[in-house]
Amino acid sequence: MEFSPKLLSSDFFSQKTEKIAADLLGKVLVRRVGNKEISGIIIETEAYLGTQDKACHSHKGLTPRTKVMFGPAGRWYVYLVYGMYYCLNLVTEPEGNPCAVLIRALKPISGVAPSIKADGPGKLCKAFQVNGAFNNKEADNLNSGLYLQGQDISLLPREIKKAKRVGVDYAGERWKNRLLRFYTEKF
DNA sequence: GTCCGGATCTTT
DNA sequence: AAGATCCGGACA
């Protein structure tokens, strides 16, 4: 009982993208590789709001890469940036509304050496051995090897900070300045 | 087929 | 401040 992981339910995934981005703070990402487990608390995320959001990959419509985002919520969207780093996202919103939440930073709990950092979208994927193979896999499935877990603690509103998203200055005034980045200093 | 730029990170 | 490194998307 006390060791059974509490996977996030479909209720969680059916919330609005911005709500999910904020609520993911404090949740635990678990990577199972063989009989080892790598885990960490999510401390920074960003919301990407679909076809109208010029910073969102899906804003140009359905393409091979963005296909996952058009699917149901609760799956992983993993892509390669700058030719060498993977970024891990959680797909949100009902089918046909291609939104996602980028997981930007984790505080490692177990399975990673203290010298290894997970304080950036590319770095956390490296530390957690996340690659394109997880694209379109379910985030609430123990067998996928990469899943989300809830915790009993929940953050107070004032423990959730908001900021502009990183690296999206090309998105135009309206979208580059929106406070769609969420982070906490609690952990 | 060719070209351009990027939801990053490390090193200088 | 610049380099690493390569895929996706636009255009032809």
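Per chain, the residues get numbers from 1 upward, laid out in the order the sequence is written. Each chain takes a letter, starting from A, and each ligand takes a number, starting from 1, following the order in which they are written. With pLDDT at 70 or above as the cut-off, local features in this predicted model cover only qualifying residues; side-chain atom pairs require 80 or more to be listed or tallied, and sums for whole chains, interfaces and linings still use all residues. Hydrogen atoms and water are omitted, and side-chain values are computed over all heavy atoms in the structure.

Caption draft 1: Representation of the nonpolar core. In terms of nonpolar packing, the biggest core is built from 49 residues, with Leu24, Trp76, Leu88 and Leu148 touching the most fellow members. Here a residue-residue contact requires only that any non-hydrogen atoms of the pair lie within 4.5 Å. If we skip the residues at most four places from it in the chain, Leu24 touches Leu8, Phe12, Ile42, Thr45, Leu90, Val101 and Leu148. For this analysis, a nonpolar core means a set of buried residues of the types Ala, Val, Leu, Ile, Met, Phe, Trp, Tyr and Cys, connected via side-chain atoms within 4.5 Å. When accessible area is computed with a 1.4 Å probe and restricted to protein chains, residues below 20% of their type maximum are described as buried, those above 50% as exposed, and intermediate ones as partly exposed. In this structure, Val28, Val30, Ile41 and Ala105 belong to the second largest nonpolar core, which totals 6 residues.

Caption draft 2: Just the protein's contact with DNA strand B, in detail. The immediate surroundings of DNA strand B are formed by 20 residues, with His57, Tyr79, Asn89, Gly122 and Tyr170 found nearest. Near is defined per residue: the residue qualifies when any heavy atom it owns lies within 4 Å of the molecule or strand. Near the protein, within 4 Å, the atoms of DNA strand B are sugar or phosphate in 57% of cases. Here a polar contact is recorded for every N or O atom pair within 3.5 Å, except that within protein the pair must consist of a potential hydrogen donor and a potential acceptor, and residues adjacent in sequence are included only if both atoms are side-chain atoms. In this structure, Tyr79 approaches DNA strand B through a side-chain N or O atom, which is 3.1 Å from a base nitrogen. Comment: elements are numbered from the N terminus, with helices defined as DSSP H or I runs of at least four residues and strands as E runs of at least two. Only strand 3 (76–81), strand 4 (85–92), strand 5 (99–110) and helix 4 (121–127) provide two or more residues apiece to the surface near DNA strand B. Per-class residue counts for the surface near DNA strand B are 12 nonpolar, 6 polar and 2 charged. In the scheme used here, Gly and all other residues not listed as nonpolar or charged are polar, with Ala, Val, Leu, Ile, Met, Phe, Trp, Tyr, Cys and Pro taken as nonpolar and Asp, Glu, Lys and Arg as charged.

Caption draft 3: Main features of the pattern of salt bridges. The term salt bridge refers to a pairing of a side-chain nitrogen on Lys or Arg with a carboxyl oxygen on Asp or Glu at a separation within 4 Å. Scanning the model with the defined rule gives 11 salt bridges in all. Ionic pairing is found between Asp23 and Lys19, a salt bridge with its closest N-O pair at 2.8 Å. With Asp23 and Lys19 both in helix 2 (residues 17–23) and 4 residues apart, this pair spans about one turn of that helix. Across the pair Glu173 and Lys176 runs a salt bridge whose closest N-O atoms are separated by 3.4 Å. Highlighted residues: Glu173 and Lys176, both in helix 5 (residues 173–176), separated by 3 residues, approximately one helical turn. Take Glu173: its relative accessible area is 56%, and that puts it in the exposed class. Here the salt bridges share partners, and the residues they tie into one network are Glu44, Glu46, Arg104 and Arg181.

In short, shape yes, function no, at least from these values alone.
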